[in-house]
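Residues per chain, in single letters:
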Amino acid sequence: QVQLVESGGDLVQPGGSLRLSCAASGSIFRVYDMGWYRQAPGKQRELVATITNGGSTNYGNSVQGRFTISRDNAKNTVYLQMNSLKSEDTAVYYCNARVQPNFETARDYWGQGTQVTVSS
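Rules behind the numbers
- Residues numbered from 1 in each chain as written.
- Predicted model: local features only at pLDDT ≥ 70, side-chain atom pairs only at ≥ 80, totals over all residues.
- Heavy atoms only, no water.
- Core = buried A, V, L, I, M, F, W, Y, C linked by side-chain atoms within 4.5 Å.
- Buried < 20%, exposed > 50% of the residue type's maximum accessible area, 1.4 Å probe, protein only.
- Helix = DSSP H or I, 4+ residues; strand = E, 2+ residues; numbered from the N terminus.
- Contact = heavy atoms within 4.5 Å.
- Pairing = 2+ DSSP bridges.
- Polar contact = N/O pair within 3.5 Å; in protein donor to acceptor, adjacent residues only side chain to side chain.

## Concerning the nonpolar core
Right, on to step 1. Counting residues in hydrophobic clusters, the biggest one holds 31 residues, and the most contacted among them are Trp36, Leu80, Met82 and Tyr93.
Right, on to step 2. For this core, the secondary structure elements donating two or more residues are strand 1 (2–7), strand 3 (18–26), strand 4 (28–39), strand 5 (46–51), strand 7 (67–72), strand 8 (77–82), strand 9 (91–101) and strand 11 (114–118).
Right, on to step 3. In terms of residues, this core owes the most to one element, strand 9, which gives 5 residues.
Right, on to step 4. Apart from residues no more than four positions distant in its own chain, methionine 82 is found in contact with Gly16, Ser17, Leu18, Leu20, Arg66, Phe67, Tyr93 and Val116.

## Topic: the pairing of strand 9
Right, on to step 1. In terms of residue burial, strand 9 counts as a mostly covered element, since 9 of its 11 residues are buried.
Right, on to step 2. As defined by bridge partners, strand 4 adjoins strand 9 across 9 bridges and the pair is classed as antiparallel. When the bridges of strand 9 are listed, isoleucine 28 appears paired with proline 101.
Right, on to step 3. Relative to strand 11, strand 9 runs antiparallel, the two sharing 3 bridges. Residue pairing in the sheet places valine 92 in a bridge with glutamine 115 of strand 11.
Right, on to step 4. In this structure, strand 9 lies alongside strand 10 (residues 107–110), joined through 4 bridges in antiparallel fashion. Across the sheet, the residue bridging to asparagine 96 is tryptophan 110, located in strand 10.
Right, on to step 5. Between the end of strand 9 and the start of strand 10, which pair antiparallel, lie 5 residues, with phenylalanine 103 showing a positive phi angle near 65 degrees.

## A closer look at the environment of glycine 35
Right, on to step 1. Looking at the secondary structure, you find glycine 35 in strand 4.
Right, on to step 2. The spacing of glycine 35 and asparagine 96 is 61 residues in sequence and 5.1 Å in space, taken between C-alpha atoms.
Right, on to step 3. Those residues in contact with glycine 35 that lie beyond four places of it in its chain are Ala49, Thr50, Ile69, Tyr94, Cys95 and Asn96.

## Some details on the side chain of arginine 66
Right, on to step 1. Tracing the backbone shows arginine 66 in the loop between strand 6 (57–59) and strand 7.
Right, on to step 2. With a relative accessible area of 11%, arginine 66 lands in the buried category.
Right, on to step 3. Among the polar contacts listed, one links the side chain of arginine 66 to the backbone oxygen of serine 84, at a separation of 2.9 Å.
Right, on to step 4. Engagement of the side chain of arginine 66 in a polar contact is seen with the side chain of aspartate 89, the distance being 2.8 Å.

Structure follows, in structure tokens:
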């Protein structure tokens, strides 16, 4: 059984910063791409950022230059550093990872989501 557990969501003022974390745990053989997605009320889930296990990154247009994704492969953990937060960043942030469990084929897993609210 593989689980993704997110942490770090909070209420923050506009212009502030937050750091999200997501750790993959369980019977894991290998973790491939990891990433963050978000969903605001009444909107579709959208890409925030992804990172390969080699460190190549990709960002959604709305967060480019403000957010930074990174990972610690030894800990199977991905991070999202969010700076210069805006009210429109308010959403539930979901961690995603492509994981190969022991003795199984790789597939995508999702975390339970963590709420980020940007408001004064």
